[in-house]
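What follows is each chain in one-letter form.
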Amino acid sequence: MAEATQTPEGQTRLIRHFDVQDIKDYTDGWSQLWDSDDSDLWDRSKPSPALIDLVEERRDLFHPVTGDGRRKRALVPGCGKGYDVVMLALHGFDVYGLDVSATGVSTAQDYARGELANPQSYNFGSESSATEAKTKKGEVTILQGDFFKSDWDRGMRFDLIYDYTFLCALHPTMRLAWASRMADLLAPTGQLVCLEFPLWKDPKLPGPPWGLKGVHWNLLAQGGDGVVDGEEVEQSNEGGKFTRTLYVKPGRSYEQSRGTDMLSVYVKK
């Protein structure tokens, strides 16, 4: 997702684009940007360093195989070019990437084919993980579909769902539906991993990206509508469908975070 205040040109292109979008056509607005070759507005060019470190350093929480030997199923909605999808597969998960754009899906499929055959070093935080990937990588499936509809999920439920710039790309009025859909898609013992971004941006300013300070907690733990003012919020966790089990500042993240990203993990109550 492009910077919102420090790169005015990128901000203008995104905000102007979505200013003229009817809310019911909001997801189609992202397809239009793919088709006009404007994916550079949000492309990070590599998988999330914070997610890499999490799955490598916390194998106790994020082992890719269940106790009965089943490979865990992961989902990355709004997967873009598929960087995080492929990275998770290289760490042993069977991963599904989802995008509303046919152009985006085709781009991600091309990337996955090449990267799974010859992974780049940016997929790993340690040499041992890179070595292990040669024999234990999972499968990648890229799906075209609207996250909020059920015609693409085939009844699947996911052990791991990762959200980085998906929530901040949605209009604030769509946040409650995002939380409800996450609860539907997550397996009973699954984990929703959120790299919370942007936390430096005032939530009252226009987006995308929309500022998310306090939004994840309000939506998931408190059961609110996710429309907050960015001030400190009461830390009650009553009312929501989720419990937060991990909340840490990642040692590595993207430069666009300005050092403010937080990594949170939620499970269903």
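Residues numbered from 1 in each chain as written. Predicted model: local features only at pLDDT ≥ 70, side-chain atom pairs only at ≥ 80, totals over all residues. Heavy atoms only, no water.

### A few points about the pattern of salt bridges
Inference 1: Tallied over the full model, the rule gives eight salt bridges.
Inference 2: The closest approach of N and O atoms between D53 and R252, which form a salt bridge, is 2.9 Å. One end of the pair, D53, is in helix α3 (residues 49-57); the other, R252, is in the loop between β6 (242-248) and β7 (262-268), with 199 residues separating them in the sequence.
Inference 3: E132 serves as the salt-bridge partner of R59, at 3.2 Å between the closest nitrogen and oxygen. In this pair, R59 is assigned in helix α4 (residues 59-62) and E132 in helix α7 (residues 127-136), connecting sequence segments 73 residues apart.
Inference 4: R59 sits in the partly exposed class, given a relative accessible area of 28%. (Salt bridge = Lys/Arg side-chain N within 4 Å of Asp/Glu carboxyl O. Helix = DSSP H or I, 4+ residues; strand = E, 2+ residues; numbered from the N terminus. Buried < 20%, exposed > 50% of the residue type's maximum accessible area, 1.4 Å probe, protein only.)

### Re helix α6 (residues 102-117)
Inference 1: When the terminal C-alpha atoms of α6 are compared, their 23 Å separation across 16 residues agrees well with the 22 Å that a helix rising 1.5 Å per residue should span.
Inference 2: Residues G104, V105, A108, Y111, A112, E115 and L116 constitute the buried set of α6. End-on view of α6: buried residues confined to an arc of 130 degrees, all on one side of the axis. The outward face of α6, more than 90 degrees from its buried face, is lined by the exposed residues R113 and A117.
Inference 3: If you check the start of α6, you find a side-chain oxygen 3.1 Å away from the backbone N of T103, and it comes from S101. (Expected span 1.5 Å × (residues − 1). Arc of directions from axis to C-beta. Polar contact = N/O pair within 3.5 Å; in protein donor to acceptor, adjacent residues only side chain to side chain.)

### Thoughts on helix α8 (residues 175-185)
Inference 1: Within the span of α8, buried status applies to R175, W178, A179, R181, M182, A183 and L185.
Inference 2: Looking at the packing, one finds that the buried side of α8 touches β1 (73-77), β4 (158-163), β5 (186-196), α9 (215-221), β6 and β7. (Contact = heavy atoms within 4.5 Å.)

### Focus: the environment of P250
Inference 1: Position of P250 among the secondary structure elements: in the loop between β6 and β7.
Inference 2: Separated by 55 residues in sequence, P250 and L195 have C-alpha atoms that sit 8.9 Å apart.
Inference 3: Apart from residues no more than four positions distant in its own chain, P250 is found in contact with A50, L195, D261, M262 and L263.

### Some points on the pairing of strand β2 (residues 94-99)
Inference 1: Along β2, five of the six residues are buried, which leaves the element largely enclosed by surrounding structure.
Inference 2: Pairing of β1 with β2 involves five bridges; the strand directions are parallel. By the bridge assignment, L75 is partnered in β2 with Y96.
Inference 3: Where the polypeptide runs from β1 across helix α5 (residues 83-90) and back to β2, its parallel neighbour, the crossover connection is right-handed.
Inference 4: Summarising the sheet, β2 and strand β3 (residues 140-144) pair through five bridges and their orientation is parallel. Note that in β3 the partner of L98 across the bridge is L143. (Pairing = 2+ DSSP bridges. Right-handed = clockwise from strand over helix to strand, strands pointing away.)

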